[in-house]
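Secondary and tertiary structure notes
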Amino acid sequence: MPDWKHIGKLYKGGQYSQVHPYIYETLKKKSIPCLLEYMEEREALKNWNGSVITTHRYLLNMDEKRLRDYDAIIIDEDIIFKSVLPNQGEITVSKLEKLLMETTDRRLAKK
């Protein structure tokens, strides 16, 4: 049986490319029909010529080679709010001024 905690840890750590090899190694050791079917469907998707609907997370983690397989990618605007903006932080003007006084990097100070 695969270690689901390990798979979750790989996903959580952003190590998406290691999940499928781990699953394949697990399938070499033990036959798990539902997992085998899942992996077969994933492989079939690679050769699919039609349209694909996917999650923002999966889209953002596709490698460039895979993205080039598509003629067009249509996304809605909430990808910005869910994927880009949550990674943003806030800093007050007073903290910026303090950092300006402490930096020795002229390029940073100019910005």
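Residues numbered from 1 in each chain as written. Predicted model: local features only at pLDDT ≥ 70, side-chain atom pairs only at ≥ 80, totals over all residues. Heavy atoms only, no water.

Considering the overall build of the chain
What counts, and what does not: Helix numbering and strand numbering both begin at the N terminus, where a helix is a DSSP run of H or I of at least 4 residues and a strand a DSSP run of E of at least 2. Our radius of gyration is a C-alpha quantity, and the globule rule it is checked against amounts to 2.2 Å times the number of residues to the power 0.38. Buried, partly exposed and exposed residues are distinguished by accessible area as a fraction of the type maximum, computed with a 1.4 Å probe on protein chains only: under 20%, between the cut-offs, and over 50%, respectively. Here, two residues are considered to be in contact whenever any of their heavy atoms come within 4.5 Å of each other. With residues, only the protein chains shown are counted as cover, and all accessible areas are computed by Shrake-Rupley using a 1.4 Å probe. The charge count treats Lys and Arg as positive and Asp and Glu as negative. His and the chain ends do not count. We put the charge of a Lys on NZ, of an Arg on CZ, of an Asp on CG and of a Glu on CD.
The secondary structure content of the chain amounts to eight helices and zero strands. Put simply, the chain runs from its N terminus to its C terminus through helices and strands in the order α-α-α-α-α-α-α-α. For 111 residues, the compact-globule estimate of 2.2 N^0.38 gives 13 Å, and the chain exceeds it by more than 25% at 21 Å. The dimensions of the chain, computed from C-alpha atoms along their principal axes, are 65 × 35 × 25 Å. Looking at the chain residue by residue over its 111 residues, the buried ones come to 15%. Considering only contacts in the chain between residues 6 or more positions apart, those separated by 24 or more positions represent 22%. Accessible surface for the chain amounts to roughly 10100 Å². Of this, 56% is attributable to carbon and sulfur atoms. Across the chain, the centroid of the 19 positively charged side chains sits 8 Å from that of the 17 negatively charged ones.

Concerning a nonpolar patch on the surface
Formally: Patch construction takes residues with relative accessible area above 30% that form no salt bridge. Like charges are linked within 9 Å, and nonpolar side chains (Val, Leu, Ile, Met, Phe, Trp, Tyr) are linked within 5 Å. Any Lys or Arg side-chain nitrogen located within 4 Å of an Asp or Glu carboxyl oxygen qualifies as a salt bridge.
Residues Ile-91, Leu-96 and Leu-99 make up a contiguous nonpolar surface patch of about 270 Å² in total accessible area. Structurally, Leu-99 can be placed in helix H7 (residues 93–102).

Description of helix H2 (residues 19–29)
Cut-off, in case you're wondering: By construction, the arc corresponds to the directions joining the helix axis to the C-beta atoms.
Restricting attention to buried positions, one finds in H2 the residues Val-19, Ile-23, Thr-26 and Leu-27. The arc enclosing the buried residues of H2, seen along the axis, measures out at 100 degrees, which places them on a common side. H2 presents Lys-28 and Lys-29 as exposed residues on the side facing more than 90 degrees away from its buried surface.

Quick look at the pattern of salt bridges
In this structure the tally under the stated criterion is four salt bridges. A salt bridge links Glu-25 to Lys-28; its shortest N-O distance comes to 3.1 Å. Placement of both Glu-25 and Lys-28 in helix H2 is noted, with a separation of three residues, approximately one turn of the helix. For Glu-25, a relative accessible area of 38% translates into the label partly exposed. Look at Lys-28 and you get exposed, because its relative accessible area is 65%. The residue Arg-68 makes a salt bridge to Glu-64 at a minimum N-O spacing of 2.3 Å. Taking the relative accessible area as the measure of exposure, Glu-64 reaches 51% and is therefore exposed.

Focus: the nonpolar core
Side chains that are nonpolar tend, in soluble globular proteins, to be buried together. Stated precisely, the cut-off is as follows: Buried residues of nine kinds, namely Ala, Val, Leu, Ile, Met, Phe, Trp, Tyr and Cys, make up a nonpolar core once their side-chain atoms join them within 4.5 Å.
One finds Ile-7, Leu-10, Val-19, Ile-23, Leu-27, Ile-32, Leu-35 and Met-39 forming the largest nonpolar core, which totals eight residues. Listed by contribution, the elements that provide at least two residues to this core are helix H1 (4–12), H2 and helix H3 (33–46). Of the residues forming this core, the biggest block, three residues, is contributed by H2.

Considering the confidence of the model for the chain
What counts, and what does not: The predictor attaches a confidence to each residue, called pLDDT, with possible values from 0 through 100.
This prediction gives the chain a mean pLDDT of 82; 92% of its residues lie at or above 70. Within the chain, no element has a lower average pLDDT than helix H6 (residues 78–84), which sits at 70, and none a higher one than H2, at 91.

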